[in-house]
Amino acid sequence: MAFELPDNLHPDCGPIAWMLGTWRGNGHGDYPTIDSFQFGQELIFTHDGRPFFHYMARSWIVDENNEKVRDAAIETGFIRGVGDGKFEILLTHNTGIAEIWHGEADNGKFEWTTDAVARTETAKEYTAGKRLYGNVEGDLLYAFDMAAVGQALQPHLWARLKRA
């Protein structure tokens, strides 16, 4: 599907303009403390002309036939362009976690690293993350590495999403 650059796009968001819109697809998850799983996911990136995108993601666990088993993670936040391809990201999760990230984008690649993580009293221990988003053949591919529950930073989620 073709993508048109919005007329009111703030220049600081230019390096990630390709992400605007709705993306859907499937992914995989794994971590030493849990069973491997497959999931469906929808990501939505919107803007209003100011130097940020609003981001919303929801996912659901699927079975071997790609049928929904149950709802899973939800996260939302803001990706703030600060110039020179650099970004500040603020996310909150339905699991009681809030994160501040910093990132850099160039040539269809967008990397994030956590700067700070806060959690509610009942949230699972989560200490750091790293994300890589890429525009590959017009699809959005991403990988999320996580450090949590006493484990070192390592692969956790990866997915391929198509523009809806």
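Figured I'd write up the structure that's included with this text. What you are looking at is a predicted structure, and each value in this text was computed from that prediction instead of being measured.

Things to note about a nonpolar patch on the surface
Alright, step 1. The grouping of Phe78, Leu90 and Ile100 at the surface amounts to a nonpolar patch, some 240 Å² of accessible area in total.
Alright, step 2. Mapped onto the fold, Leu90 is located in strand S5 (residues 86-93).
Alright, step 3. A relative accessible area of 35% places Leu90 in the partly exposed class.

Quick word on the sheet that holds strand S8 (residues 126-136)
Alright, step 1. Overall, antiparallel pairing links the 10 strands, which are arranged S1-S2-S3-S4-S5-S6-S7-S8-S9-S10 in a closed barrel. Each adjacent strand pair in this sheet contributes to an overall mean axis angle of 25°, direction not counted.
Alright, step 2. The pairing of strand S7 (residues 109-119) with S8 spans five bridges and is classified as antiparallel. From the neighbouring strand, Phe110 faces S8, where its bridge partner is Tyr133.

Considerations on the pairing of S5
Alright, step 1. Covered by surrounding structure in S5 are Phe87, Ile89, Leu91 and His93 only, the residues Lys86, Glu88, Leu90 and Thr92 on the alternate face being uncovered.
Alright, step 2. Judged from the eight bridges that link them, strand S4 (residues 68-83) and S5 form a sheet pairing that is antiparallel. If you follow Glu75 over to S5, its bridge partner there is His93.
Alright, step 3. The turn joining S4 and S5, which pair antiparallel and follow one another in sequence, is formed by two residues; a positive phi near 55° is taken by Asp84.
Alright, step 4. Of the pairings in the sheet, the one linking S5 to strand S6 (residues 97-106) comprises seven bridges and is antiparallel in character. Looking across to S6, one finds that Leu91 is bridged to Glu99.
Alright, step 5. In this antiparallel pair of consecutive strands, S5 and S6, the connection spans three residues, and Gly96 shows a positive phi of 95°.

Concerning the side chain of Glu99
Alright, step 1. Within the secondary structure layout, Glu99 lies in strand S6.
Alright, step 2. Within the buried core, Glu99 has no salt-bridge partner, and the shortest N-O distance to an opposite charge, that of Arg131, equals 4.3 Å.
Alright, step 3. Polar side-chain contacts of Glu99 include one of 2.3 Å to the side chain of His93.
Alright, step 4. For Glu99, the side chain forms a polar contact with the side chain of Tyr126, separated by 2.5 Å.
Alright, step 5. Dropping the residues within four chain positions of it, Glu99 is found in contact with Ile89, Leu90, Leu91, His93, Thr114, Ala116, Val117, Tyr126 and Arg131.

Description of the packing of aromatic side chains
To describe a pair of aromatic rings, you give the distance between the ring centres and the angle between the ring planes.
Alright, step 1. One pass over the structure, following the stated rule, counts 12 aromatic pairs.
Alright, step 2. Ring plane angle 45° and centroid distance 6.0 Å describe the contact between Phe37 and Phe39, whose orientation is recorded as tilted.
Alright, step 3. By relative accessible area, which is 21% here, Phe37 ends up partly exposed.
Alright, step 4. Taking relative accessible area as the criterion, Phe39 reaches 3% and is therefore assigned buried.
Alright, step 5. With centroids separated by 6.4 Å and ring planes inclined at 80°, the aromatic side chains of Tyr55 and Trp112 adopt a geometry described as edge-to-face. You can see Tyr55 sitting in strand S3 (residues 52-62) and its partner Trp112 sitting in strand S7, a full 57 residues away along the chain.
Alright, step 6. The exposure class assigned to Trp112 is buried, which follows from its relative accessible area of 0%.
Alright, step 7. It is Arg131 that lies over the ring of Phe144; its NZ or CZ is 5.0 Å from the centre.

Calculation notes
- Residues numbered from 1 in each chain as written.
- Predicted model: local features only at pLDDT ≥ 70, side-chain atom pairs only at ≥ 80, totals over all residues.
- Heavy atoms only, no water.
- Patch = residues over 30% accessible without salt bridge, like charges linked within 9 Å, V, L, I, M, F, W, Y side chains within 5 Å.
- Areas by Shrake-Rupley, 256 points an atom, 1.4 Å probe, with all protein chains shown as cover.
- Salt bridge = Lys/Arg side-chain N within 4 Å of Asp/Glu carboxyl O.
- Helix = DSSP H or I, 4+ residues; strand = E, 2+ residues; numbered from the N terminus.
- Buried < 20%, exposed > 50% of the residue type's maximum accessible area, 1.4 Å probe, protein only.
- Pairing = 2+ DSSP bridges.
- Axes fitted to C-alpha atoms, helices over the stretch in contact; angles between N-to-C directions.
- Lys, Arg positive; Asp, Glu negative; His and termini not counted.
- Polar contact = N/O pair within 3.5 Å; in protein donor to acceptor, adjacent residues only side chain to side chain.
- Contact = heavy atoms within 4.5 Å.
- Phe/Tyr/Trp six-rings, centres within 6.5 Å; stacked < 30°, edge-to-face > 60°.
- Lys NZ or Arg CZ within 6 Å of the ring centre and 35° of its normal.

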